[in-house]
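Survey of secondary and tertiary structure
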Amino acid sequence: MWYVLQVSTGKEMAVTSTLSNNRVLAYTPRENRLIRKGGGWSQKEYILFPGYVFLNLDYTAENYYMVKAIPGVLRFLGPDGLHPSTLTYLEAEWIKLLAGEGKPLEPTTAQLTPEGEVKLGTGILQHFPSRIKKIDKHSRRATVELSVCGEKRIIPLSFNLLSE
């Protein structure tokens, strides 16, 4: 089953690495976000869900204590500490897509149509066409709405305009 850990902000990658060393499948979805600075565009790595790590494991007492012993782990998400919430199948698939096989996602390619609309090309955003709530050409970000453990989450994802 897929679970969500709340971790200390800034410790996401260390927790993911430790879990992987313990043979637990764990993800921290990241992207190389486009940032406008000094009149030009550059990329900077961002964590899409700051303070959270997603993991797939059998929830046993042994695994619970192994996970809780990792520095930076605060708790399993759920109504209380003893009964963690699980991701639905669809939520887990979204997280796997956003995790990008452990590498940061690259911005989706896009082109501007003659009407001034953004037409998305290859990249992560092509997997979420019905989930895109807003496209901002100026900041080159698309706002995607997903759910995690049944709660709505808004995720900004970058796109790169090719025709400028």
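The structure contained in this document is the topic of the report that follows. (Residues numbered from 1 in each chain as written. Predicted model: local features only at pLDDT ≥ 70, side-chain atom pairs only at ≥ 80, totals over all residues. Heavy atoms only, no water.)

1. With respect to helix H3 (residues 89–99)
Among the residues of H3, those classed as buried are Glu91, Ala92, Trp94, Ile95, Leu98 and Ala99. Around the axis of H3, the buried residues are gathered within 160 degrees of arc, so they sit on the same side. Gly100 lies just past H3 and shows a positive phi near 55 degrees. (Buried < 20%, exposed > 50% of the residue type's maximum accessible area, 1.4 Å probe, protein only. Helix = DSSP H or I, 4+ residues; strand = E, 2+ residues; numbered from the N terminus. Arc of directions from axis to C-beta.)

2. Overview of the sheet that holds strand E8 (residues 118–120)
If you walk across this open sheet you meet the 5 strands as E8-E7-E11-E10-E9, and the pairing is mixed. At either end of the open sheet lies a strand with only one pairing partner, and these are E8 and strand E9 (132–136). Geometrically, the sheet is characterised by an average inter-axis angle of 35 degrees between neighbouring strands, direction not taken into account. Its contacts with the sheet place H3 against strand E10 (141–148) and strand E11 (151–161), and it is angled at close to 140 degrees to E10. (Pairing = 2+ DSSP bridges. Axes fitted to C-alpha atoms, helices over the stretch in contact; angles between N-to-C directions. Contact = heavy atoms within 4.5 Å.)

3. Observations concerning the side chain of Thr16
Among the structural elements, Thr16 can be located in helix H1 (residues 12–21). Here Thr16 falls in the buried class, since its relative accessible area comes to 9%. Here Thr16 is in contact with Ala26, Tyr27, Thr28 and Val53, once residues within four sequence places are set aside.

4. With respect to the environment of Arg33
As for its position among the elements, Arg33 is in strand E3 (residues 30–37). Of the residues examined, Arg33 reaches a relative accessible area of 10% and is grouped as buried. Sequence spacing of Arg33 and Gln43 is 10 residues, and the spatial spacing of their C-alpha atoms is 5.3 Å. The residues contacting Arg33, other than those within four sequence positions of it, are Ser42, Gln43, Lys44, Tyr46, Leu48, Arg141, Pro156 and Ser158. Side-chain polar atoms of Arg33 contact the side chain of Glu31, separated by 2.8 Å. (Polar contact = N/O pair within 3.5 Å; in protein donor to acceptor, adjacent residues only side chain to side chain.)

5. Details of the packing of aromatic side chains
Per the stated rule, a full pass over the model turns up 8 aromatic pairs. Between the aromatic rings of Tyr59 and Tyr64, the centroid separation amounts to 6.1 Å while the plane-to-plane angle is 80 degrees, which identifies the pairing as edge-to-face. Judged by its relative accessible area of 30%, Tyr59 is partly exposed. Taking the centre distance of 5.4 Å and the plane angle of 85 degrees together, the rings of Tyr59 and Phe76 count as edge-to-face. Remark: Phe76 occurs in strand E6 (residues 73–76) and Tyr59 occurs in the loop between strand E5 (52–56) and helix H2 (61–68); sequence separation between them is 17 residues. Here the aromatic cluster, defined as three or more aromatic residues joined through ring pairs, consists of Tyr3, Tyr59, Tyr64, Tyr65 and Phe76. Across the ring face of Tyr46, the terminal group of Arg33 is positioned such that the distance to the ring centre comes to 4.5 Å. When the ring centre of Tyr52 is taken as reference, the NZ or CZ atom of Arg153 above it lies at 5.7 Å. (Phe/Tyr/Trp six-rings, centres within 6.5 Å; stacked < 30°, edge-to-face > 60°. Lys NZ or Arg CZ within 6 Å of the ring centre and 35° of its normal.)

6. Quick word on the pairing of strand E1 (residues 2–7)
One face of the sheet, then the other: side chains in a regular strand alternate in exactly this way. Taken across its 6 residues, E1 has 5 buried, putting it largely inside the fold. Here 5 bridges tie E1 to E5, and the two strands are oriented antiparallel to one another. Note that in E5 the partner of Val4 across the bridge is Phe54. Of the pairings in the sheet, the one linking E1 to E6 comprises 3 bridges and is antiparallel in character. Each residue of the ladder has a partner; that of Gln6, found in E6, is Arg75.

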